[in-house]
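A look at the structure
One letter stands for each residue in the lines below.
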Amino acid sequence: MSSFLTGLAGDLRAGHPRGVTSVCSSHPIVIRAALRRAVLDESEVLIEATCNQVNQFGGYTGMQPADFVRFVLQIADEEGLAPARIVFGGDHLGPNPWKGDAPEAAMEKAEAMVEAYVAAGFRKIHLDASMGCLGEPVALDDETTAGRAARLASRADAVAREKGLPLPLYIIGTEVPVPGGADHALSDLQPTAPEAARHTIEVHRRIFAERGLDGVFERVLGVVVQPGVEFGSENVIPYQPEKATLLNAVLEEEPKLVFEAHSTDYQSQAALTALVRDGYAILKVGPGLTFALREALYGLDLVASELEPTYGDRPLRAAMEHIMLREPKDWKGHYHGTDAEQALQRHYSYSDRIRYYWNRPEAEAAVARLRDALDGRVIPETLMRQFLPFLDVGLGRAGSVDNILIASVDRELATYAAACQA
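These remarks concern the structure in this document. (Residues numbered from 1 in each chain as written. Predicted model: local features only at pLDDT ≥ 70, side-chain atom pairs only at ≥ 80, totals over all residues. Heavy atoms only, no water.)

1. What to know about the pattern of salt bridges
The tally for this structure, following the rule as stated, stands at 35 salt bridges. One salt bridge in this structure joins Asp67 and Arg70, with 2.5 Å as the shortest N-O distance. Of this pair, Asp67 and Arg70 are both found in helix H3 (residues 65-79), three residues apart, which corresponds to roughly one turn of the helix. Given a relative accessible area of 26%, Asp67 falls into the partly exposed group. Salt bridges linked by common partners bring Arg326, Glu327, Lys329, Asp330, Arg360 and Glu362 together as one network. (Salt bridge = Lys/Arg side-chain N within 4 Å of Asp/Glu carboxyl O. Helix = DSSP H or I, 4+ residues; strand = E, 2+ residues; numbered from the N terminus. Buried < 20%, exposed > 50% of the residue type's maximum accessible area, 1.4 Å probe, protein only.)

Printed below as a string of structure tokens:
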């Protein structure tokens, strides 16, 4: 892994801050785009999976941790990226998927999940035991959270030793935006209070030491805090450095740590660059990448509707609407307003909850039909300008739907890459 992650804090203190893009997605096009970007930049890449997405029971992707690693490595082989240049991370690893269970039962499942992640080759582990389980408050105090985090870290270290694997690197802290973005319009957002960040670090350090895990804490790379960035269904709160000045100063007291920022999706390159400069060295992005993918898919849906008489009138969009109405679990409760307003949000929300539906057989069939209609065909420049104006019009001559989709996702990845290297 060289100093890809372990050197972040040192580079920040040396006056040469750099960042790492944390790609949080299981979509094959997004993964391919991220790996292709790593090949282009001759860099390493951080690919993360979340506790609900991938776990020992399959998660909502149906993949266990080892399955996810094989899935990514297969694409890496096709793209010519050496496995050694991929760092796998586990996000929010803790009892969250089983918070309806009694605390001990949930923690036993969380330990088994962490064991499966580490055994599969995940090296960066975000310890998140902040959520209450059955009979507990929704959010737990720092003492309880740190105690459970130490328990998970101890198990993760033990598994790594048993398997002869490198010892994990850890992220602590849980003050993050709502997963997938807020479900309402946002007007303002306050960064984490500096005293809260200090307390989180101090409590974790003390409890790890009390449990004989001082050496484990030495491998804590960073802390998750809220720098004041977030996106709702219809708007984005940009990073405002002046609001986070006191929080950012906490890092001056912790020379071995950096901050990890979640929900940085849709931030401008200037905002991302400022985040990296201020010590937010790990920038998580997920929905912003699948949003870009959906933009390209829907643009091509319009292109095919104009170019191929037998294709029909936007059948991909129609298929996705049908699926989401039939199976509303993954968007219902997140989108609000009139029927018309919810219809717009289902397809065009920054929260991008449509991303949960792309692996449905009906959705895959609709995308396959789009590929059949366009693959190998030259898309006229005028149609590219009309429906995909954010992309290089020359892509229409490449004759590959996937190349166009990857280019759309890579626009976002390139912004992150530029910010991280600035």
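What follows picks up the thread again.
2. Observations regarding the side chain of Glu254
Within the element layout of this structure, Glu254 appears in the loop between helix H8 (245-248) and strand S9 (258-261). Within the structure, the side chain of Glu254 is placed 2.6 Å from the side chain of Arg205, a separation counted as a polar contact. Excluding residues within four positions of it along the chain, Glu254 makes contact with Arg13, Ile201 and Arg205. (Polar contact = N/O pair within 3.5 Å; in protein donor to acceptor, adjacent residues only side chain to side chain. Contact = heavy atoms within 4.5 Å.)

3. Let's talk about helix H2 (residues 28-41)
In this model H2 runs 20 Å from its N-terminal to its C-terminal C-alpha over 14 residues, within 8% of the 20 Å that 1.5 Å per residue would give. Within the sequence span of H2, burial applies to Ile29, Val30, Ile31, Arg32, Ala33, Ala34, Leu35, Arg37 and Ala38. Glu42 occupies a position one or two residues after H2 and carries a positive phi of about 55°. (Expected span 1.5 Å × (residues − 1).)

Any link to function would need more than the numbers given here.
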